[in-house]
Amino acid sequence: MAATQEEIVSGLAEIVNEIAGIPVEDVELDKSFTDDLDVDSLSMVEVVVAAEERFDVKIPDDDVKNLKTVGDAAEYIAKNQVAK
Amino acid sequence: MDSTNRIVVVTGIGATTPLGGDSASTWEGMLAGRSGVKLLDDERFADLPVKIAARAAVDPSEVLPRPLARKLDRSAQFALIAAREAWADAGYTAPAGEDEKIEPARLGAVIASGIGGVTTLLDQYDVLKEKGSRRVSPHTVPMLMPNGPSANVGLEVNAQAGVHAMVSACASGAEAIGYAVEMIRNGRADVVIAGGTEAAIHPLPVAAFANMMAMSKNNEEPEKASRPYDKGRDGFVLGEGAGVVVLESAEFAARRGARVYCEVLGQGLSADSHHIAQPEPGGRGIAAAMRHLLETTDLKPDQVAHLNAHATSTPLGDIAEIKALRQVLGDDLDHVAVSATKSMTGHLLGGAGGIETVATVLALYHRLAPPTINVDELDEEVDADIVRGEPRPLPQGTIAAINNSFGFGGHNVVLAFRTV
(Lines give C-alpha, C1' and ligand atoms only; values in the text may rest on other atoms or scores of the structure.)
Protein backbone atom coordinates (compact mmCIF):
# COMPACT_ATOMS: atom_id res chain seq x y z
CA MET A 1 0.00 0.00 0.00
CA ALA A 2 1.21 3.46 -0.81
CA ALA A 3 2.13 5.74 2.08
CA THR A 4 -0.52 8.23 3.21
CA GLN A 5 0.14 11.98 3.15
CA GLU A 6 0.60 11.87 6.91
CA GLU A 7 3.13 9.03 6.69
CA ILE A 8 5.03 10.87 3.97
CA VAL A 9 5.29 14.08 6.01
CA SER A 10 6.40 12.27 9.15
CA GLY A 11 8.89 10.25 7.07
CA LEU A 12 10.30 13.44 5.55
CA ALA A 13 10.52 14.94 9.03
CA GLU A 14 12.61 12.01 10.21
CA ILE A 15 14.88 12.31 7.16
CA VAL A 16 15.38 16.06 7.65
CA ASN A 17 16.02 15.48 11.33
CA GLU A 18 18.69 12.90 10.54
CA ILE A 19 20.40 15.04 7.89
CA ALA A 20 20.02 18.60 9.19
CA GLY A 21 19.27 18.05 12.87
CA ILE A 22 15.98 19.98 12.73
CA PRO A 23 13.45 18.74 15.34
CA VAL A 24 10.77 16.60 13.64
CA GLU A 25 7.94 18.81 14.90
CA ASP A 26 9.43 21.79 13.02
CA VAL A 27 9.26 20.03 9.67
CA GLU A 28 5.89 21.30 8.43
CA LEU A 29 4.28 21.46 4.98
CA ASP A 30 4.94 25.15 4.35
CA LYS A 31 8.59 25.04 5.44
CA SER A 32 11.26 25.71 2.80
CA PHE A 33 14.11 23.19 2.84
CA THR A 34 16.80 25.82 2.23
CA ASP A 35 15.37 28.85 4.02
CA ASP A 36 13.76 27.23 7.06
CA LEU A 37 15.29 23.80 7.56
CA ASP A 38 19.03 24.32 7.04
CA VAL A 39 19.12 21.93 4.08
CA ASP A 40 21.62 23.28 1.53
CA SER A 41 21.79 22.09 -2.08
CA LEU A 42 24.15 19.23 -1.22
CA SER A 43 22.11 18.06 1.75
CA MET A 44 18.96 18.29 -0.41
CA VAL A 45 20.42 15.54 -2.60
CA GLU A 46 20.75 13.42 0.54
CA VAL A 47 17.14 14.14 1.49
CA VAL A 48 16.00 13.14 -2.00
CA VAL A 49 17.98 9.88 -2.04
CA ALA A 50 16.71 8.96 1.43
CA ALA A 51 13.13 9.75 0.38
CA GLU A 52 13.50 7.64 -2.77
CA GLU A 53 14.50 4.64 -0.70
CA ARG A 54 11.89 5.13 1.97
CA PHE A 55 8.90 5.74 -0.29
CA ASP A 56 9.94 3.65 -3.30
CA VAL A 57 9.84 6.59 -5.68
CA LYS A 58 12.21 8.00 -8.30
CA ILE A 59 12.90 11.72 -8.14
CA PRO A 60 14.95 12.76 -11.21
CA ASP A 61 17.50 15.56 -10.70
CA ASP A 62 15.47 17.86 -12.98
CA ASP A 63 12.48 17.60 -10.64
CA VAL A 64 14.45 18.24 -7.44
CA LYS A 65 14.69 21.98 -8.11
CA ASN A 66 10.88 22.23 -7.99
CA LEU A 67 10.73 20.76 -4.50
CA LYS A 68 11.07 23.98 -2.50
CA THR A 69 8.94 23.10 0.50
CA VAL A 70 8.11 20.01 2.50
CA GLY A 71 4.62 20.23 0.97
CA ASP A 72 6.07 20.19 -2.58
CA ALA A 73 8.06 17.06 -1.75
CA ALA A 74 5.16 15.32 -0.01
CA GLU A 75 2.87 16.01 -2.96
CA TYR A 76 5.47 14.81 -5.49
CA ILE A 77 6.04 11.60 -3.54
CA ALA A 78 2.31 10.92 -3.13
CA LYS A 79 1.80 11.28 -6.90
CA ASN A 80 4.79 9.27 -8.02
CA GLN A 81 5.25 6.50 -5.49
CA VAL A 82 4.86 2.94 -6.67
CA ALA A 83 1.83 1.38 -5.01
CA LYS A 84 2.71 -1.83 -3.21
CA MET B 1 50.97 50.44 11.22
CA ASP B 2 54.25 48.77 10.35
CA SER B 3 53.13 46.02 8.03
CA THR B 4 56.35 44.10 7.52
CA ASN B 5 58.61 42.03 9.76
CA ARG B 6 56.12 42.19 12.55
CA ILE B 7 56.63 40.09 15.67
CA VAL B 8 54.27 37.11 15.84
CA VAL B 9 52.96 35.58 19.06
CA VAL B 10 50.87 32.56 20.08
CA THR B 11 47.66 33.52 21.90
CA GLY B 12 45.58 30.33 21.74
CA ILE B 13 46.06 26.57 21.59
CA GLY B 14 43.77 23.62 20.91
CA ALA B 15 44.22 19.90 20.35
CA THR B 16 42.48 16.58 20.17
CA THR B 17 44.93 13.70 20.25
CA PRO B 18 45.44 10.08 21.27
CA LEU B 19 46.21 11.37 24.78
CA GLY B 20 43.15 13.57 25.29
CA GLY B 21 40.25 15.46 23.76
CA ASP B 22 41.79 18.88 24.41
CA SER B 23 45.19 20.52 24.88
CA ALA B 24 45.09 20.32 28.70
CA SER B 25 44.43 16.57 28.83
CA THR B 26 46.97 16.00 26.05
CA TRP B 27 49.62 17.91 27.99
CA GLU B 28 48.73 16.06 31.19
CA GLY B 29 49.08 12.75 29.31
CA MET B 30 52.48 13.79 27.97
CA LEU B 31 53.78 14.80 31.38
CA ALA B 32 52.56 11.49 32.80
CA GLY B 33 54.41 9.66 30.00
CA ARG B 34 51.27 7.89 28.82
CA SER B 35 51.12 5.97 25.54
CA GLY B 36 48.08 6.49 23.30
CA VAL B 37 48.87 3.41 21.20
CA LYS B 38 46.43 0.49 21.31
CA LEU B 39 45.61 -2.72 19.51
CA LEU B 40 43.10 -2.16 16.68
CA ASP B 41 40.32 -4.59 17.57
CA ASP B 42 38.40 -3.76 14.37
CA GLU B 43 38.30 -6.98 12.30
CA ARG B 44 39.25 -5.03 9.14
CA PHE B 45 42.80 -4.94 10.48
CA ALA B 46 42.89 -8.64 11.44
CA ASP B 47 44.90 -9.79 8.41
CA LEU B 48 47.29 -6.81 8.33
CA PRO B 49 50.91 -7.04 9.46
CA VAL B 50 50.30 -3.92 11.59
CA LYS B 51 47.38 -4.08 14.02
CA ILE B 52 48.20 -1.10 16.24
CA ALA B 53 47.56 2.65 16.10
CA ALA B 54 47.02 5.67 18.30
CA ARG B 55 43.32 6.44 18.00
CA ALA B 56 42.03 9.80 19.22
CA ALA B 57 41.21 9.55 22.95
CA VAL B 58 37.83 11.22 22.42
CA ASP B 59 35.92 10.25 19.29
CA PRO B 60 34.69 13.35 17.41
CA SER B 61 31.17 11.86 17.38
CA GLU B 62 31.06 12.53 21.13
CA VAL B 63 31.75 16.22 20.55
CA LEU B 64 30.17 17.34 17.27
CA PRO B 65 26.45 17.17 16.51
CA ARG B 66 25.64 14.45 13.98
CA PRO B 67 24.23 16.70 11.22
CA LEU B 68 27.52 18.63 11.20
CA ALA B 69 29.78 15.59 11.59
CA ARG B 70 28.23 13.72 8.64
CA LYS B 71 29.32 16.52 6.27
CA LEU B 72 32.93 16.51 7.50
CA ASP B 73 35.73 14.04 6.94
CA ARG B 74 37.16 12.79 10.21
CA SER B 75 40.28 14.94 9.61
CA ALA B 76 38.09 18.06 9.34
CA GLN B 77 36.18 17.00 12.48
CA PHE B 78 39.44 16.89 14.45
CA ALA B 79 40.53 20.23 12.97
CA LEU B 80 37.27 21.90 13.89
CA ILE B 81 37.37 20.61 17.47
CA ALA B 82 40.97 21.78 17.97
CA ALA B 83 40.25 25.11 16.23
CA ARG B 84 37.23 25.83 18.43
CA GLU B 85 39.33 25.24 21.53
CA ALA B 86 42.18 27.44 20.25
CA TRP B 87 39.81 30.23 19.18
CA ALA B 88 38.12 30.33 22.58
CA ASP B 89 41.47 29.97 24.36
CA ALA B 90 42.69 33.09 22.53
CA GLY B 91 39.77 35.00 24.04
CA TYR B 92 37.51 35.21 20.99
CA THR B 93 33.83 34.64 21.71
CA ALA B 94 32.35 34.47 18.19
CA PRO B 95 33.41 34.39 14.52
CA ALA B 96 35.35 37.41 13.21
CA GLY B 97 33.08 40.40 12.68
CA GLU B 98 30.54 39.14 15.19
CA ASP B 99 33.35 39.32 17.72
CA GLU B 100 34.35 42.91 17.04
CA LYS B 101 37.92 42.39 18.24
CA ILE B 102 38.85 41.08 14.78
CA GLU B 103 37.64 41.97 11.29
CA PRO B 104 37.07 39.05 8.88
CA ALA B 105 39.38 40.70 6.29
CA ARG B 106 42.27 40.61 8.80
CA LEU B 107 41.84 36.94 9.78
CA GLY B 108 43.34 33.93 7.97
CA ALA B 109 43.21 30.17 8.36
CA VAL B 110 45.92 27.66 7.41
CA ILE B 111 45.13 24.08 8.42
CA ALA B 112 47.05 21.29 6.75
CA SER B 113 46.68 17.58 6.37
CA GLY B 114 49.16 15.13 4.90
CA ILE B 115 46.69 12.87 3.12
CA GLY B 116 43.33 14.65 3.25
CA GLY B 117 40.01 12.84 3.34
CA VAL B 118 41.33 9.39 2.58
CA THR B 119 38.77 7.55 4.71
CA THR B 120 35.93 9.43 3.00
CA LEU B 121 37.33 8.50 -0.41
CA LEU B 122 37.67 4.83 0.50
CA ASP B 123 34.32 4.59 2.31
CA GLN B 124 32.48 6.23 -0.57
CA TYR B 125 34.19 3.89 -3.02
CA ASP B 126 32.75 1.05 -0.95
CA VAL B 127 29.30 2.70 -1.21
CA LEU B 128 29.70 3.01 -4.99
CA LYS B 129 30.61 -0.67 -5.35
CA GLU B 130 28.06 -2.03 -2.90
CA LYS B 131 25.06 0.28 -3.27
CA GLY B 132 25.51 2.06 -6.60
CA SER B 133 26.27 5.58 -7.78
CA ARG B 134 23.01 7.14 -6.55
CA ARG B 135 24.04 6.49 -2.94
CA VAL B 136 27.46 8.20 -3.15
CA SER B 137 27.30 11.16 -0.76
CA PRO B 138 27.01 14.60 -2.41
CA HIS B 139 29.41 15.76 0.32
CA THR B 140 32.19 13.45 -0.91
CA VAL B 141 34.28 16.05 -2.78
CA PRO B 142 34.31 18.75 -0.08
CA MET B 143 35.00 16.02 2.46
CA LEU B 144 37.95 14.42 0.68
CA MET B 145 39.70 17.52 -0.65
CA PRO B 146 42.85 18.17 1.40
CA ASN B 147 41.90 21.84 1.84
CA GLY B 148 38.61 20.75 3.44
CA PRO B 149 39.77 21.07 7.06
CA SER B 150 41.22 24.54 6.39
CA ALA B 151 38.07 25.65 4.57
CA ASN B 152 35.81 24.39 7.35
CA VAL B 153 37.87 26.09 10.05
CA GLY B 154 37.90 29.25 7.93
CA LEU B 155 34.09 29.13 7.72
CA GLU B 156 33.84 28.54 11.46
CA VAL B 157 35.78 31.70 12.38
CA ASN B 158 34.83 33.73 9.26
CA ALA B 159 38.40 34.08 7.96
CA GLN B 160 38.52 36.24 4.84
CA ALA B 161 42.17 37.31 4.58
CA GLY B 162 42.98 33.94 3.01
CA VAL B 163 42.45 30.24 3.68
CA HIS B 164 45.28 27.91 2.70
CA ALA B 165 46.35 24.29 3.02
CA MET B 166 49.99 23.34 2.68
CA VAL B 167 50.65 19.75 1.59
CA SER B 168 54.04 18.26 2.40
CA ALA B 169 53.23 14.87 3.96
CA CYS B 170 54.38 14.74 7.59
CA ALA B 171 55.73 18.30 7.45
CA SER B 172 52.32 19.74 6.44
CA GLY B 173 51.20 20.90 9.90
CA ALA B 174 54.47 22.69 10.58
CA GLU B 175 54.51 24.21 7.11
CA ALA B 176 50.99 25.53 7.72
CA ILE B 177 52.13 27.27 10.90
CA GLY B 178 55.20 28.66 9.15
CA TYR B 179 53.03 30.00 6.33
CA ALA B 180 50.65 31.57 8.85
CA VAL B 181 53.58 33.36 10.48
CA GLU B 182 54.54 34.78 7.07
CA MET B 183 50.96 35.96 6.46
CA ILE B 184 51.12 38.03 9.63
CA ARG B 185 54.69 39.15 9.13
CA ASN B 186 54.08 40.50 5.64
CA GLY B 187 50.91 42.27 6.69
CA ARG B 188 48.24 40.15 4.96
CA ALA B 189 46.56 39.34 8.28
CA ASP B 190 46.64 40.32 11.94
CA VAL B 191 45.45 36.94 13.20
CA VAL B 192 45.78 33.48 11.64
CA ILE B 193 44.43 30.21 13.00
CA ALA B 194 46.85 27.48 11.94
CA GLY B 195 47.76 23.87 12.49
CA GLY B 196 47.57 20.33 11.23
CA THR B 197 45.16 17.42 11.29
CA GLU B 198 45.09 13.81 10.15
CA ALA B 199 42.70 10.86 10.18
CA ALA B 200 44.16 8.00 8.18
CA ILE B 201 43.67 4.95 10.40
CA HIS B 202 42.09 2.74 7.73
CA PRO B 203 43.32 -0.64 6.46
CA LEU B 204 44.53 0.77 3.11
CA PRO B 205 46.94 3.47 4.40
CA VAL B 206 48.04 1.11 7.18
CA ALA B 207 48.78 -1.68 4.68
CA ALA B 208 50.55 0.77 2.38
CA PHE B 209 52.77 2.27 5.10
CA ALA B 210 53.48 -1.23 6.42
CA ASN B 211 54.58 -2.37 2.97
CA MET B 212 57.03 0.53 2.86
CA MET B 213 58.64 -1.07 5.94
CA ALA B 214 58.01 2.23 7.72
CA MET B 215 55.78 1.02 10.58
CA SER B 216 56.37 -0.78 13.83
CA LYS B 217 54.99 -4.31 13.83
CA ASN B 218 55.10 -4.63 17.61
CA ASN B 219 51.50 -5.84 17.84
CA GLU B 220 52.24 -7.73 21.06
CA GLU B 221 53.08 -4.62 23.10
CA PRO B 222 51.27 -1.65 21.51
CA GLU B 223 52.27 0.81 24.25
CA LYS B 224 55.93 -0.02 23.69
CA ALA B 225 55.80 0.15 19.88
CA SER B 226 56.66 3.82 19.39
CA ARG B 227 60.18 4.09 20.81
CA PRO B 228 62.25 6.88 19.22
CA TYR B 229 66.00 6.65 19.97
CA ASP B 230 65.69 3.19 21.51
CA LYS B 231 67.92 0.50 20.01
CA GLY B 232 64.92 -1.74 19.37
CA ARG B 233 62.84 0.81 17.39
CA ASP B 234 61.30 -0.67 14.27
CA GLY B 235 59.20 2.08 12.69
CA PHE B 236 56.47 4.59 13.47
CA VAL B 237 52.97 4.05 14.84
CA LEU B 238 50.14 5.81 13.04
CA GLY B 239 48.22 8.35 15.14
CA GLU B 240 45.24 10.61 14.49
CA GLY B 241 44.01 13.98 15.73
CA ALA B 242 44.75 17.67 15.33
CA GLY B 243 46.66 20.53 16.88
CA VAL B 244 45.85 24.17 16.22
CA VAL B 245 47.26 27.51 17.40
CA VAL B 246 46.06 31.10 17.12
CA LEU B 247 48.86 33.39 15.93
CA GLU B 248 48.69 37.17 16.05
CA SER B 249 50.94 40.12 15.44
CA ALA B 250 52.37 41.07 18.84
CA GLU B 251 51.06 44.59 18.41
CA PHE B 252 47.51 43.40 17.71
CA ALA B 253 47.59 40.99 20.65
CA ALA B 254 48.89 43.69 22.99
CA ARG B 255 46.24 46.16 21.88
CA ARG B 256 43.43 43.79 22.76
CA GLY B 257 45.15 42.70 25.97
CA ALA B 258 45.49 39.04 24.94
CA ARG B 259 47.34 36.47 27.01
CA VAL B 260 50.56 35.57 25.14
CA TYR B 261 52.07 32.08 25.42
CA CYS B 262 55.27 32.82 23.53
CA GLU B 263 56.75 34.40 20.43
CA VAL B 264 57.09 32.53 17.13
CA LEU B 265 60.46 33.44 15.69
CA GLY B 266 59.85 31.91 12.29
CA GLN B 267 60.68 28.91 10.17
CA GLY B 268 63.60 27.28 8.43
CA LEU B 269 62.87 25.39 5.21
CA SER B 270 64.72 23.09 2.86
CA ALA B 271 64.28 20.04 0.65
CA ASP B 272 66.44 16.91 0.63
CA SER B 273 66.24 16.12 -3.11
CA HIS B 274 67.53 12.71 -2.14
CA HIS B 275 64.72 10.12 -2.29
CA ILE B 276 60.93 10.19 -2.43
CA ALA B 277 60.55 8.53 0.98
CA GLN B 278 63.95 7.83 2.56
CA PRO B 279 65.58 10.51 4.71
CA GLU B 280 69.05 11.63 3.62
CA PRO B 281 71.06 9.59 6.15
CA GLY B 282 73.61 12.30 6.95
CA GLY B 283 70.93 14.87 7.80
CA ARG B 284 72.11 17.26 5.05
CA GLY B 285 68.64 18.64 4.25
CA ILE B 286 67.63 18.92 7.90
CA ALA B 287 70.84 20.81 8.67
CA ALA B 288 70.08 23.16 5.76
CA ALA B 289 66.64 23.91 7.22
CA MET B 290 68.18 24.58 10.64
CA ARG B 291 70.74 26.94 9.09
CA HIS B 292 67.97 28.69 7.16
CA LEU B 293 66.19 29.22 10.47
CA LEU B 294 69.30 30.70 12.08
CA GLU B 295 69.94 32.95 9.08
CA THR B 296 66.41 34.32 8.84
CA THR B 297 65.51 34.79 12.51
CA ASP B 298 67.34 36.29 15.47
CA LEU B 299 67.38 32.90 17.24
CA LYS B 300 70.67 32.40 19.08
CA PRO B 301 71.83 28.78 19.45
CA ASP B 302 72.81 29.41 23.07
CA GLN B 303 69.17 30.33 23.84
CA VAL B 304 67.79 26.97 22.64
CA ALA B 305 66.75 25.02 25.72
CA HIS B 306 64.28 22.54 24.26
CA LEU B 307 63.62 20.73 21.02
CA ASN B 308 60.54 18.73 20.07
CA ALA B 309 62.14 16.36 17.59
CA HIS B 310 60.54 14.87 14.49
CA ALA B 311 61.83 11.47 15.73
CA THR B 312 59.19 9.05 14.46
CA SER B 313 60.92 5.89 15.74
CA THR B 314 62.36 4.77 12.40
CA PRO B 315 65.93 3.40 12.45
CA LEU B 316 67.29 5.82 9.81
CA GLY B 317 65.27 9.00 10.40
CA ASP B 318 65.89 9.42 14.13
CA ILE B 319 69.66 9.34 13.64
CA ALA B 320 69.72 11.62 10.56
CA GLU B 321 67.94 14.30 12.61
CA ILE B 322 70.38 14.02 15.53
CA LYS B 323 73.36 14.26 13.15
CA ALA B 324 71.92 17.44 11.65
CA LEU B 325 71.33 18.98 15.09
CA ARG B 326 74.95 18.33 16.08
CA GLN B 327 76.25 19.73 12.77
CA VAL B 328 74.37 22.99 13.14
CA LEU B 329 74.17 23.57 16.89
CA GLY B 330 77.58 22.13 17.75
CA ASP B 331 78.28 22.22 21.49
CA ASP B 332 75.08 24.20 22.02
CA LEU B 333 73.17 20.94 21.48
CA ASP B 334 74.48 19.83 24.89
CA HIS B 335 72.12 22.22 26.71
CA VAL B 336 69.04 21.31 24.63
CA ALA B 337 66.47 19.03 26.27
CA VAL B 338 65.32 16.88 23.34
CA SER B 339 61.84 15.33 23.55
CA ALA B 340 60.20 12.89 21.12
CA THR B 341 56.51 13.13 21.96
CA LYS B 342 55.61 10.71 19.14
CA SER B 343 56.68 8.04 21.64
CA MET B 344 53.31 8.79 23.30
CA THR B 345 51.03 10.15 20.55
CA GLY B 346 52.23 8.05 17.65
CA HIS B 347 52.86 9.83 14.37
CA LEU B 348 49.98 12.05 13.28
CA LEU B 349 51.50 12.68 9.81
CA GLY B 350 50.12 16.10 8.75
CA GLY B 351 48.75 16.56 12.27
CA ALA B 352 52.17 16.09 13.88
CA GLY B 353 53.41 19.64 13.30
CA GLY B 354 50.18 20.91 14.86
CA ILE B 355 50.17 18.94 18.08
CA GLU B 356 53.93 19.15 18.48
CA THR B 357 53.72 22.92 18.15
CA VAL B 358 51.08 22.90 20.90
CA ALA B 359 53.44 20.73 22.99
CA THR B 360 56.41 23.03 22.30
CA VAL B 361 54.40 26.14 23.19
CA LEU B 362 53.27 24.54 26.45
CA ALA B 363 56.81 23.37 27.24
CA LEU B 364 58.04 26.97 27.00
CA TYR B 365 55.02 28.37 28.84
CA HIS B 366 55.33 25.92 31.76
CA ARG B 367 59.13 25.60 31.40
CA LEU B 368 58.82 21.86 31.39
CA ALA B 369 60.04 19.49 28.67
CA PRO B 370 57.79 16.44 28.18
CA PRO B 371 59.43 13.03 28.39
CA THR B 372 60.32 10.53 25.68
CA ILE B 373 58.96 7.14 26.71
CA ASN B 374 60.15 3.63 25.85
CA VAL B 375 63.86 4.50 25.62
CA ASP B 376 64.90 1.34 27.44
CA GLU B 377 68.28 1.11 25.73
CA LEU B 378 69.45 4.36 24.14
CA ASP B 379 70.95 3.90 20.68
CA GLU B 380 74.63 4.87 21.06
CA GLU B 381 74.41 6.90 17.84
CA VAL B 382 72.04 9.33 19.62
CA ASP B 383 74.50 12.07 20.46
CA ALA B 384 72.05 14.39 22.24
CA ASP B 385 70.45 14.92 25.66
CA ILE B 386 67.15 13.02 25.43
CA VAL B 387 64.52 13.73 28.11
CA ARG B 388 63.75 10.17 29.20
CA GLY B 389 61.03 8.84 31.46
CA GLU B 390 60.18 11.98 33.45
CA PRO B 391 59.46 15.57 32.39
CA ARG B 392 62.38 17.92 32.93
CA PRO B 393 62.28 21.56 34.15
CA LEU B 394 63.67 24.12 31.69
CA PRO B 395 65.83 27.05 32.78
CA GLN B 396 64.50 30.49 33.78
CA GLY B 397 65.26 33.60 31.73
CA THR B 398 64.73 33.98 27.99
CA ILE B 399 64.76 30.55 26.36
CA ALA B 400 63.86 29.26 22.92
CA ALA B 401 62.52 25.97 21.61
CA ILE B 402 62.53 24.31 18.21
CA ASN B 403 59.91 22.01 16.67
CA ASN B 404 61.06 19.84 13.77
CA SER B 405 58.87 18.24 11.10
CA PHE B 406 60.01 16.35 8.02
CA GLY B 407 57.89 14.73 5.34
CA PHE B 408 58.01 12.09 2.64
CA GLY B 409 59.16 13.93 -0.44
CA GLY B 410 62.13 15.39 1.42
CA HIS B 411 60.34 18.40 2.98
CA ASN B 412 62.08 19.86 6.04
CA VAL B 413 60.35 22.42 8.25
CA VAL B 414 61.88 23.78 11.45
CA LEU B 415 59.87 26.17 13.64
CA ALA B 416 61.30 28.24 16.48
CA PHE B 417 59.60 29.77 19.52
CA ARG B 418 60.83 31.94 22.38
CA THR B 419 59.55 32.93 25.81
CA VAL B 420 58.26 36.48 26.17
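Going by what an unreviewed UniProt entry lists, chain B is known as 3-oxoacyl-[acyl-carrier-protein] synthase 2 and is assigned to Streptomyces inusitatus. The record held by UniProt for chain B lists under Pathway (unreviewed entry) the comment "Lipid metabolism; fatty acid biosynthesis." If you open the UniProt record of chain B and go to Sequence similarities (unreviewed entry), you find "Belongs to the thiolase-like superfamily. Beta-ketoacyl-ACP synthases family."

Chain A is annotated in an unreviewed UniProt entry as Acyl carrier protein of Streptomyces inusitatus. Database annotation for chain A, UniProt heading Pathway (unreviewed entry): "Lipid metabolism; fatty acid biosynthesis." Under the UniProt heading Sequence similarities (unreviewed entry), the entry covering chain A gives this text: "Belongs to the acyl carrier protein (ACP) family."

### Topic: the sheet that holds strand β9 (residues 304-308) of chain B
Residues and elements named next belong to chain B. If you walk across this open sheet you meet the ten strands as β5-β4-β6-β7-β1-β8-β14-β13-β9-β10, and the pairing is mixed. Strands at the two margins of the open sheet, each flanked by one partner only, are β5 (162-164) and β10 (337-339). For this sheet the average axis-to-axis angle between neighbouring strands, irrespective of direction, equals 25 degrees. Contacting β8 (262-271), β13 (400-407) and β14 (411-418), helix α11 (residues 284-296) crosses the sheet at an angle of about 135 degrees to β8.

### Quick look at the domain arrangement of chain B
All names here are of chain B. Domain annotation for chain B reports domain 1 (8-255) and domain 2 (267-418). Distance from the C-alpha centre of domain 1 to the C-alpha centre of domain 2: 21 Å. Between domain 1 and domain 2, the residue contacts involve 63 residues of the former and 58 residues of the latter. Here domain 1 meets domain 2 over a buried area of about 4600 Å², counting both sides, of which 68% is carbon and sulfur. At the junction of domain 1 and domain 2, the tally comes to six salt bridges. For Asp376, the salt bridge identified is with Arg227, shortest N-O distance 3.0 Å. Residue assignment for the side of domain 1 that touches domain 2 shows that the elements contributing at least two residues are β1 (8-16), α1 (23-31), β4 (107-113), α7 (172-185), β6 (191-198), α9 (222-225) and β7 (241-249). If one sorts the elements of the side of domain 1 that touches domain 2 by residue count, α7 sits on top with eight residues. Taken together, the residues of the side of domain 1 that touches domain 2 sort by class into 30 nonpolar, 21 polar and twelve charged.

### Section: unusual backbone geometry
Residues and elements named next belong to chain B. Positive phi outside glycine occurs at Tyr229, with the angle close to 75 degrees. One can find Tyr229 in the loop between α9 and β7. Of note, the phi angle at Arg367 is positive, near 50 degrees, even though the residue is not glycine. Tracing the backbone through its elements, the reader meets Arg367 in the loop between α14 (352-366) and β11 (368-369).

### Focus: the UniProt feature "domain: Ketosynthase family 3 (KS3)" (unreviewed entry) in chain B
Residues given the UniProt feature "domain: Ketosynthase family 3 (KS3)" (unreviewed entry) here are residues 5-419 of chain B. Helix makes up 33% of residues 5-419 of chain B and strand 19%, and the two end C-alpha atoms of the span are 18 Å apart.

### Some remarks on the nonpolar core
In a soluble, globular protein the nonpolar side chains are often hidden away together inside. All names here are of chain B. Val10, Ile13, Val110, Val192 and Leu247 are the most contacted members of the largest nonpolar core, which totals 44 residues. With seven residues, the top contributor of residues to this core is α7. Of the domains in this structure, domain 1 (8-255) and domain 2 (267-418) are the two that each give at least three residues to this core. Setting aside its immediate chain neighbours within four residues, Ile13 contacts Ser23, Glu85, Ala86, Asp89, Val244, Val245, Tyr261, Val358, Val361 and Leu362. Counting residues in hydrophobic clusters, the runner-up holds 30 residues, among them Val304, Ile322, Leu325 and Val414.

### Here we look at the interface of chain A and chain B
Tallying the contact residues gives 15 residues for chain A and ten residues for chain B. Summed over both partners, the interface of chain A with chain B comes to about 1100 Å²; 43% of that surface belongs to carbon and sulfur atoms. Three residues stand out in chain A for area buried against chain B, namely A:Glu18, A:Leu42 and A:Glu46, and they jointly supply 43% of the buried area on that side. A salt bridge links A:Glu53 to B:Arg135; its shortest N-O distance comes to 2.4 Å. For the interface between chain A and chain B, the tally reads seven residue pairs in polar contact (both at pLDDT 80 or more). Only α1 (5-20) and α3 (41-55) of chain A provide two or more residues apiece to the side of chain A that touches chain B. The biggest single contributor to the side of chain A that touches chain B is α3(A), with eight residues.

### Regarding empty space enclosed by the protein
Residue and element names in this part refer to chain B. Applying the stated criterion across every chain, the model contains one cavity of 30 Å³ or more. What the largest cavity holds in volume is close to 30 Å³. Along the walls of the largest cavity sit Ala15, Ser23, Thr26, Trp27, Met30, Ile355, Val358, Ala359 and Leu362, which together make up its complete lining. Breaking the lining of the largest cavity down by element, the ones donating at least two residues are α1 and α14.

### Points about the UniProt feature "modified residue: O-(pantetheine 4'-phosphoryl)serine" (unreviewed entry) in chain A
Residue and element names in this part refer to chain A. In the numbering used here, UniProt assigns the "modified residue: O-(pantetheine 4'-phosphoryl)serine" (unreviewed entry) feature to Ser41. With respect to the secondary-structure elements, Ser41 resides in helix α3. Residue classification places Ser41 among the exposed residues on the basis of a relative accessible area of 57%.

### Quick notes on the layout of surface pockets
Estimates place the volume of the largest pocket at around 900 Å³. Taken together, 35 residues make up the lining of the largest pocket; nearest its centre are A:Glu46, B:Arg70, B:Gln124, B:Ser137 and B:Met143. Ranked by residue count, the leading element in the lining of the largest pocket is helix α4 (residues 118-131) of chain B, at six residues. Its volume calculated, the second largest pocket comes out at about 520 Å³. Going through the elements one at a time, α12 (315-329), β13 and β14 of chain B are the ones with two or more residues in the lining of the second largest pocket. Counting residues per element, the lining of the second largest pocket draws most heavily on α12(B), at four residues. Among the domains, domain 1 (8-255) and domain 2 (267-418) of chain B are the pair contributing at least three residues each to the lining of the second largest pocket.

Calculation rules
- Residues numbered from 1 in each chain as written.
- Chains lettered and ligands numbered in written order.
- Predicted model: local features only at pLDDT ≥ 70, side-chain atom pairs only at ≥ 80, totals over all residues.
- Heavy atoms only, no water.
- UniProt positions renumbered as here; feature names shortened; annotations may be inferred.
- Pairing = 2+ DSSP bridges.
- Helix = DSSP H or I, 4+ residues; strand = E, 2+ residues; numbered from the N terminus.
- Axes fitted to C-alpha atoms, helices over the stretch in contact; angles between N-to-C directions.
- Contact = heavy atoms within 4.5 Å.
- Domains from an automatic or database assignment.
- Buried area = accessible area lost by both parts, 1.4 Å probe.
- Salt bridge = Lys/Arg side-chain N within 4 Å of Asp/Glu carboxyl O.
- Nonpolar A, V, L, I, M, F, W, Y, C, P; charged D, E, K, R; others polar.
- Core = buried A, V, L, I, M, F, W, Y, C linked by side-chain atoms within 4.5 Å.
- Buried < 20%, exposed > 50% of the residue type's maximum accessible area, 1.4 Å probe, protein only.
- Polar contact = N/O pair within 3.5 Å; in protein donor to acceptor, adjacent residues only side chain to side chain.
- 1 Å grid on protein atoms, 1.4 Å probe; cavity = no way out; pocket = protein on both sides within 12 Å on 5 of 7 lines; lining within 4 Å.
- Points joined across faces, edges and corners; volume = space filled by probe spheres on them.

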